[in-house]
Amino acid sequence: MSLLITGGAGFIGSHVVRLFVQKYPDYHIINLDALTYAGNLENLKDIEQLPNYTFVKGSITDSSLLDRLFTKHDIKGVIHLAAESHVDRSIKDPMAFIDTNIKGTAVLLSACKTHWKSFEGRRFYQISTDEVFGALGSEGYFTEESPYAPNSPYSASKASADHLVRAYGETYGLPYVISNCSNNYGPNHFPEKLIPLCIHNILEGKELPIYGNGLYTRDWLYVKDHALAIDQVYHQGENAATYLIGGHNEYTNIDLIRLLCDQMDARLNRPQGTAQKQITFVKDRPGHDLRYAIDASKIERSLGWTPAHTFEAGLAATIAWYLENPDWLSQVTSGAYKSYYENQYKSE
Ligand code: NAD
Ligand code: DAU
């Protein structure tokens, strides 16, 4: 069977593509990715020659391309990860998020509806985020029953996409499943997000920018555990259901970065406290959500998924990967990346 994975050259998508290509040799995995600044085929170098893998460069907003793909291949399922994914970029330029995350999802859904003459054996899987639920206070958890209350242009665009998926299910009977996951970290994470940005900046001797007072809290999940959850939800998840995925692993940003600094000092064989000197408190993110935390009991109970990695193990593996892959890091941080970050804190 052919399975279309969108955004497979990005951070999470590359781990999902690798898992499916290796675990399911009978599936033909088609990776559709526009290769924006966040997409990188180096992420998939080790599997690109495998016979059950095809890469297609293109946008999910391109309906003619989707028509050609759906006509050429008998696509039984779609795992939809392609997105603009960075909250700070969505604050600077919301329109790119509306185009890819909302319009792109709509175009993809329309292709499924047009080309799937029968919905028997088909499935559309929307990979979403816990940010659609807005912000938690200091207590409580997001659950599958939490109301949508997105606060950033990014989360509003993801919420819109989720609603479109659900509407195609209700209106046309499109078989779908949605999962909303907490913050991922791990290898191949683009160094604009907190953890890889700080790893990069520690290595470069640059400041580690902590927004506001640093007491914002996120629930971190190792990316390979997310990929395994996606496999289970795709194959065993109930139709028209939502699953929340999280790591039971809350850290305030400042505690997280202090831990990262200490692990980096240990790995670099230098005195503890060296990297922490680079921590710099900077202007807060507008509309910054205070806290995200997931109650993952539904996926644990119904599908038997739990994260395999502790945070300490996941973080150590992440640091090791960045230290062992300096070429990847220097490739993605050359050119446009440099000018973006040189201008980042100029107004403060
Ligand atoms: P990413 O930014 O690393 O990768 C996104 C990928 O989508 C890139 O390869 C990019 O080239 C591709 N893309 C962008 N626009 C496209 C378009 N118009 N057509 C085709 N491809 C396009 O993102 P990520 O962190 O891997 O996130 C993947 C998905 O998971 C997103 O939908 C995101 O909302 C969701 N998610 C991410 C996290 C997280 O912590 N990173 C958590 C929960 C959910
Ligand atoms: O919760 C899931 C979401 O997690 C995903 O849907 C998003 O795609 C993903 O980018 C991530 O969003 P966040 O905004 O939580 O991740 P980010 O790494 O940008 O920020 C994590 C926290 O760290 C947040 O509180 C903001 C803060 N931060 C971030 C950066 C980049 C800083 O303090 N300094 C920084 O330089």
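Everything that follows concerns the structure shown earlier in this document.
Residues numbered from 1 in each chain as written. Chains lettered and ligands numbered in written order. Predicted model: local features only at pLDDT ≥ 70, side-chain atom pairs only at ≥ 80, totals over all residues. Heavy atoms only, no water.

Turning our attention to the site of ligand 1. Around ligand 1 sit 28 residues in total, of which Ile12, Asp33, Ser85, Tyr154 and Lys158 are the nearest. Between ligand 1 and serine 59 there is a distance of 3.1 Å, counted from a nitrogen atom to a side-chain nitrogen or oxygen. In this structure, tyrosine 154 approaches ligand 1 through a side-chain N or O atom, which is 2.6 Å from an oxygen atom. Coverage of ligand 1 by the protein chains reaches 96% of its 840 Å² of free accessible surface. Sorting the residues of the shell around ligand 1 by element identifies helix 1 (11-23), strand 5 (123-129), helix 5 (153-172) and strand 7 (183-185) as the ones contributing at least two each. When residues of the shell around ligand 1 are assigned to their parent elements, the largest contribution, three residues, is made by strand 5. (Near = heavy atom within 4 Å. Polar contact = N/O pair within 3.5 Å; in protein donor to acceptor, adjacent residues only side chain to side chain. Areas by Shrake-Rupley, 256 points an atom, 1.4 Å probe, with all protein chains shown as cover. Helix = DSSP H or I, 4+ residues; strand = E, 2+ residues; numbered from the N terminus.)

Let us now look at helix 4 (residues 94-115). In this model, helix 4 (22 residues) spans 31 Å end to end at C-alpha, consistent with the 32 Å of a helix rising 1.5 Å per residue. For helix 4, the principal kink sits at glycine 104 and spans about 30°. In this structure, the buried side of helix 4 is in contact with strand 1 (2-6), helix 2 (63-72), strand 4 (75-80), helix 3 (87-92), strand 5 and helix 5. (Expected span 1.5 Å × (residues − 1). Bend = angle between axes of the 7 residues up to and from the residue. Contact = heavy atoms within 4.5 Å.)

Considering the arrangement of structural elements, one finds asparagine 183 in strand 7. If near-sequence neighbours (up to four positions away) are discounted, asparagine 183 is found in contact with Arg218, Asp219, Trp220, Leu221 and Tyr292.

Moving on, we get to the pairing of strand 5. Of all seven residues in strand 5, seven are buried; the element is thus mostly enclosed. Relative to strand 6 (residues 176-181), strand 5 runs parallel, the two sharing six bridges. Note on strand 6: the bridge partner recorded for serine 128 is asparagine 180. With helix 5 bridging strand 5 and the parallel strand 6, this β-α-β connection has right-handed handedness. (Buried < 20%, exposed > 50% of the residue type's maximum accessible area, 1.4 Å probe, protein only. Pairing = 2+ DSSP bridges. Right-handed = clockwise from strand over helix to strand, strands pointing away.)

A rise of 1.5 Å per residue sets the reference length of helix 5, with its 20 residues, at 28 Å; its end C-alpha atoms lie 28 Å apart and thus fit the reference within 8%. Buried within helix 5 are the following residues: Tyr154, Ser155, Ser157, Lys158, Ala159, Ala161, Asp162, Val165, Tyr168 and Gly169. Residues of helix 5 that are buried sit in contact with helix 3, helix 4, strand 5 and strand 6. Looking one or two residues beyond helix 5, the residue adopting positive phi is glycine 173, at roughly 80°.

The next thing to look at is the site of ligand 2. If you check the shell around ligand 2, you find 25 residues, and the closest are Thr129, Asp130, Tyr154, Arg285 and His288. The contact in question runs from an oxygen atom of ligand 2 to an N or O atom on the side chain of asparagine 183, over 2.8 Å. Relative to its unbound accessible surface of 680 Å², ligand 2 loses 94% to contact with the protein. Put simply, the parts of the chain that give the shell around ligand 2 at least two residues each are helix 3, helix 6 (194-204) and strand 8 (208-211). Sorting elements by how many residues they give to the shell around ligand 2 places strand 8 first, with three residues. Classifying every residue of the shell around ligand 2 gives 11 nonpolar, seven polar and seven charged. (Nonpolar A, V, L, I, M, F, W, Y, C, P; charged D, E, K, R; others polar.)

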